[in-house]
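Listed below, chain by chain, are the residues.
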Amino acid sequence: MTSHTKTQALMARGAEFLGSEYAILCGAMSWVSERNLVSAISNAGGFGVIACGAMTPELLDAEIAATKAMTGKPFGVNLITMHPQIMDLIEVCAKHSVGHVVLAGGLPPKGSVEAIKAGSSHGPGAKVICFAPTLALAKKLLRSGADAMVIEGMEAGGHIGPVSTSVLAQEFLPELANDHLVFVAGGIGRGEAIAGYLEMGAAGVQLGTRFAAATESIAHPDFKKAFFRAGARDAVASVQVDPRLPVIPVRALKNKGTEAFTAKQREVAQLLDGEGIPMIEAQLQIEHYWAGALRRAVIDGDIENGSLMAGQSVGMVKAEEPVADIIASLLDESEAALSRR
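Summarised in this report is the structure supplied together with it.

Thresholds, definitions, all that
Residues numbered from 1 in each chain as written. Predicted model: local features only at pLDDT ≥ 70, side-chain atom pairs only at ≥ 80, totals over all residues. Heavy atoms only, no water. Axes fitted to C-alpha atoms, helices over the stretch in contact; angles between N-to-C directions. Helix = DSSP H or I, 4+ residues; strand = E, 2+ residues; numbered from the N terminus. Parallel < 35°, antiparallel > 145°, perpendicular 65-115°, else oblique. Contact = heavy atoms within 4.5 Å. Buried < 20%, exposed > 50% of the residue type's maximum accessible area, 1.4 Å probe, protein only. Pairing = 2+ DSSP bridges. Phe/Tyr/Trp six-rings, centres within 6.5 Å; stacked < 30°, edge-to-face > 60°.

Considerations on the packing of helix H1 (residues 5-18) against helix H13 (residues 323-340)
- Closest axis-to-axis distance for the H1/H13 pair is 7 Å, and the angle between their directions is 100°. On the basis of the axis angle, H1 is roughly perpendicular to H13. Contacts between H1 and H13 pair Thr5, Lys6, Thr7, Leu10 and Met11 from the former with Leu331, Ser334, Glu335, Leu338 and Ser339 from the latter.

Side note on the pairing of strand S11 (residues 250-253)
- Taking every second residue as pointing to the same face, both faces of S11 are buried, with Val250 and Ala252 on one and Arg251 and Leu253 on the other.
- With two bridges connecting them, strand S7 (residues 158-159) and S11 associate as antiparallel partners. Bridge pairing links Gly158 to Arg251 in S11.
- Here strand S10 (residues 235-237) pairs with S11 via three bridges, running antiparallel. Looking at S11, one finds that Val236 is bridged to Ala252.

Observations regarding the packing of aromatic side chains
- Per the stated rule, a full pass over the model turns up five aromatic pairs.
- Relative to Phe183, the ring of Phe17 has its centre 6.3 Å away and its plane inclined at 35°; by these criteria the two rings are tilted. Here Phe17, found in helix H1, pairs with Phe183, found in strand S8 (residues 181-185); they are 166 residues apart in sequence, far enough to count as distant.
- For the ring pair Tyr289 and Trp290, a centre distance of 6.3 Å and an interplane angle of 65° mean the geometry is edge-to-face. Judged on exposure class, the residue Tyr289 and its partner Trp290 are both buried.
- Each member of the aromatic cluster is reached from another via a ring pair, and the members are Phe261, Tyr289 and Trp290.

Written as structure tokens, this is what we have:
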């Protein structure tokens, strides 16, 4: 076991905040970031995050309980801000004394950050981690009570913003890193990149794609094989069909499913026209479509028609490896890079 002194020194703030050995978060990937992968990552010294996605409060309750049975280490829960039952989900997290709640997919609804931090009669409050696409928004969220930020570049898999990780890091870290905890995500596949972001002031990093194909990931063997075959340019962003339907683009491996999504957007846009359904309803229809398409790929192994959400780092994912080995190799690569400086 090599010692990772330099890497761990640079990660110390992030690790202390998370309560983990290493400041390596696992991105919350619907259907993938569940009890098995989350507990494996936390047990290996990283920080697993349950993807609540479209789960009901009852399902989230069961998932947290099952994860706690598999690890005594800290882990977080990722909640989607547009979930119609977000306040009930926050309550479930408090009941289980979840230490960290990650809010993703848009601005936190009024009162949600306060509710997470306050806890409830059932349990203590939690730390809040938010995503911010712009520096101005990051500052606003930090003023409004966010304890840490994740900046995620467009190289990431799943829902993405328009700016690359390297640009976000140069923009945000010099401004925020001295006084705040900022984790960098999007396109990270090797430890050398981790070393670079840590030196720029990041408190830690977040990876999704590398972990999605880990041995402990419940993703279907055919889903993982699609990752091993793919190169960086196979992970493409979805196209927006109608400017009135502000659909957040999603990065996934190109297949029939990506084409079907374009058709689905057209269908929902026509509903906006014809039946005058409210915008939030249109957006929820799209979200539910994604959840279903992703489930078909991850759980059923339908890699033709399902959604193979993957980041551009997919080209670096060559074989199924245990989570502990992935984390060890990332740390070894980071340490070697820092030692050459």
